[in-house]
Amino acid sequence: MTTLYHGSYMPVPKPLAKAGRKNLDFGQGFYLTSILEQAKSWAEVIASRRGRTIEPVVSKYQFDELLAKNENVRWKVFPCYDLEWLEFVIKCRSGFDPSEQYDIVEGGVANDNVIDTVEDYEKGIITAEQALGQL
């Protein structure tokens, strides 16, 4: 069992598979992290966008990897920032919906530091090799 967190402006008792905006790093979906501080930070960002009176909320879940694997969950893992990850993120941000191929996509998302590199690559300002060197 793994503990996962979701940062938001409201509690989410159960994960919502097709929630959220489209064209994100891993497509439309319910984004989770195993890093509590990351979820808290994201909850603060989201709550602040909603207004001063909104409090950040972190929801906590238990995820059973063995059960998921036994249920033949289609799982894509990006263990590091590499060319495959970079191309996947670019495709998702351009409208590709990975949910037709995968139930779960796991990997690093483009935080503020990474986003500039991804966008520079997407615009053709830097090459894939330069982008990977910066990631």
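First, a word on scope: everything that follows refers to the structure included in this document.

**Some thoughts on the packing of aromatic side chains**
Thought 1: Tallying each qualifying case throughout the model produces eight aromatic pairs.
Thought 2: Taking the centre distance of 5.0 Å and the plane angle of 50° together, the rings of F78 and F88 count as tilted. With F78 in the loop between β3 (75-77) and α3 (83-93) and F88 in helix α3, the pair connects residues that are ten residues apart, well separated along the chain.
Thought 3: Residues F88 and F96 carry aromatic rings whose centres are separated by 5.9 Å and whose planes lie at 85° to one another, so their mutual orientation is edge-to-face.
Thought 4: Judged by relative accessible area, F88 falls into the buried class, the value being 8%.
Thought 5: Members of the aromatic cluster, connected to one another through ring pairs, are F26, F78, F88, F96 and Y102.
Thought 6: Its guanidinium or amino end placed over the ring of Y9, R50 lies 4.1 Å from that ring's centre, counting from NZ or CZ.
Thought 7: Over the ring of F96 we find K91; its NZ or CZ atom is 4.3 Å from the centre of that ring.

**Digging into the nonpolar core**
Thought 1: By size, the foremost hydrophobic cluster in this structure holds 14 residues, and its most contacted members are F26, W85, L86, V118 and Y121.
Thought 2: At the level of elements, α3, α4 (112-122) and α5 (128-134) are the ones that each hand at least two residues to this core.
Thought 3: The leading source of residues in this core is α3, at six residues.

**Concerning the environment of N70**
Thought 1: Its location among the elements puts N70 in helix α2 (residues 65-70).
Thought 2: The spatial distance from the C-alpha of N70 to the C-alpha of F30 is 21 Å, given a sequence separation of 40 residues.

**Remarks on the environment of F88**
Thought 1: Distance in space between the C-alpha atoms of F88 and R21 is 17 Å, their sequence separation being 67 residues.
Thought 2: Residue contacts for F88: discarding those within four places in its chain leaves D25, F26, F78, F96, P98, Y102 and V105.

**Section: helix α1 (residues 36-50)**
Thought 1: With 15 residues, α1 should cover 21 Å at 1.5 Å per step; its first-to-last C-alpha distance of 21 Å lies within 8% of that length.
Thought 2: Within the span of α1, buried status applies to A39, A43, I46 and A47. Looking down the long axis of α1, one finds its buried residues gathered within 100° of arc, a one-sided arrangement. When the buried face of α1 is taken as reference, the exposed residues oriented beyond 90 degrees from it are E37, E44, S48 and R49.
Thought 3: On its buried side, α1 packs onto β1 (2-8) and β2 (57-63).
Thought 4: Looking one or two residues past α1, G51 carries a phi angle of roughly 135°, positive in sign.

**Thoughts on α3**
Thought 1: Of all the positions in α3, only W85, L86, F88, V89, I90 and C92 are classed as buried.
Thought 2: Of the residues that open α3, the one with a side-chain oxygen 3.3 Å from the backbone nitrogen of E84 is D82.
Thought 3: At the exit of α3 stands G95, carrying a positive phi of roughly 115°.

What counts, and at which threshold
Residues numbered from 1 in each chain as written. Predicted model: local features only at pLDDT ≥ 70, side-chain atom pairs only at ≥ 80, totals over all residues. Heavy atoms only, no water. Phe/Tyr/Trp six-rings, centres within 6.5 Å; stacked < 30°, edge-to-face > 60°. Helix = DSSP H or I, 4+ residues; strand = E, 2+ residues; numbered from the N terminus. Buried < 20%, exposed > 50% of the residue type's maximum accessible area, 1.4 Å probe, protein only. Lys NZ or Arg CZ within 6 Å of the ring centre and 35° of its normal. Core = buried A, V, L, I, M, F, W, Y, C linked by side-chain atoms within 4.5 Å. Contact = heavy atoms within 4.5 Å. Expected span 1.5 Å × (residues − 1). Arc of directions from axis to C-beta. Polar contact = N/O pair within 3.5 Å; in protein donor to acceptor, adjacent residues only side chain to side chain.

Geometry only, nothing functional implied.
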